[in-house]
Amino acid sequence: MLASTYLFFDGTCEEAFTRYQQILGGHITAMLPARGTPAEAGMPPGWGDKIMHACLDLGGTMLMASDAPPGCGSPPGGFSVNLMPETAAEAERIFAALSEGGAVRMPLESTFWAERFGMLVDRFGVPWMINFAGQAAEGAATCAREAETAGSA
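Reading the values: the criteria
- Residues numbered from 1 in each chain as written.
- Predicted model: local features only at pLDDT ≥ 70, side-chain atom pairs only at ≥ 80, totals over all residues.
- Heavy atoms only, no water.
- Pairing = 2+ DSSP bridges.
- Helix = DSSP H or I, 4+ residues; strand = E, 2+ residues; numbered from the N terminus.
- Axes fitted to C-alpha atoms, helices over the stretch in contact; angles between N-to-C directions.
- Salt bridge = Lys/Arg side-chain N within 4 Å of Asp/Glu carboxyl O.
- Buried < 20%, exposed > 50% of the residue type's maximum accessible area, 1.4 Å probe, protein only.

Colleague: It is not clear to me how the sheet that holds strand β5 (residues 81–83) should be interpreted in this structure. Could you clarify?
Modeller: Backbone hydrogen bonds hold the strands of a sheet together, and the pairing may be parallel or antiparallel. The mixed open sheet is built from four strands, whose spatial order is β5-β8-β7-β6. Two strands in the sheet have a free side with no partner beyond their single neighbour: β5 and β6 (103–109). Neighbour-to-neighbour, the strand axes of the sheet open up by a mean angle of 15°, direction not taken into account. One ladder, built from six bridges, connects strand β7 (residues 116–121) with strand β8 (residues 127–132); its direction is antiparallel.

See below:
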């Protein structure tokens with residue numbers, strides 16, 4: 001089974017997904033506006049060009065979204081989209097790009113579990129966590145093994 005994140009925007013889905021593709025790479029496999037579909041009749045005036053489904057394929061992981069008509073959505077809360085870049089440099093680049101025009105909740109820094117970890121809300125209101133384990137993950141695993149061994153002795 002695969003799981004993916006589905007986001008709702010207030011009319012900025014196309015702009016957000018174009019930006020996410022620039023930052024994260026991948027391929028936008030769907031950017032379907034309501035205009036010309038059966039859903040268009042149920043959209044408020046002026047919303048025909050808003051997105052009813054978007055999909056960004058990040059190489060096996062899908063990020064999906066749509067625009068929620070006025071009164072049908074709510075600000076994101078209770079979750080974060082977690083990205084796990086392959087290098088510290090990539091984590092820093094992604095964090096800097098996503099935080100432009102947004103709000104940093106926790107600066108990207110070293111923690112006991114990750115070489116780089118940070119939290120932010122981007123300019124579209126989406127909460128993100130950037131988590132590059134690197135050497136810290138090896139240290140945490142070693143520490144856990146040592147604690148387990150000490151507990152059984």
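Colleague: How should I be thinking about the pattern of salt bridges in this particular structure?
Modeller: When the charged atoms of two side chains lie near each other, side chains of opposite charge can form a pair. Across all of its chains, the model carries five salt bridges by this definition. Between Glu-40 and Arg-35 there is a salt bridge; the shortest N-O distance is 3.4 Å. Residue Glu-40 is classed as partly exposed on the basis of its relative accessible area of 30%. Across the pair Glu-92 and Arg-116 runs a salt bridge whose closest N-O atoms are separated by 2.7 Å.

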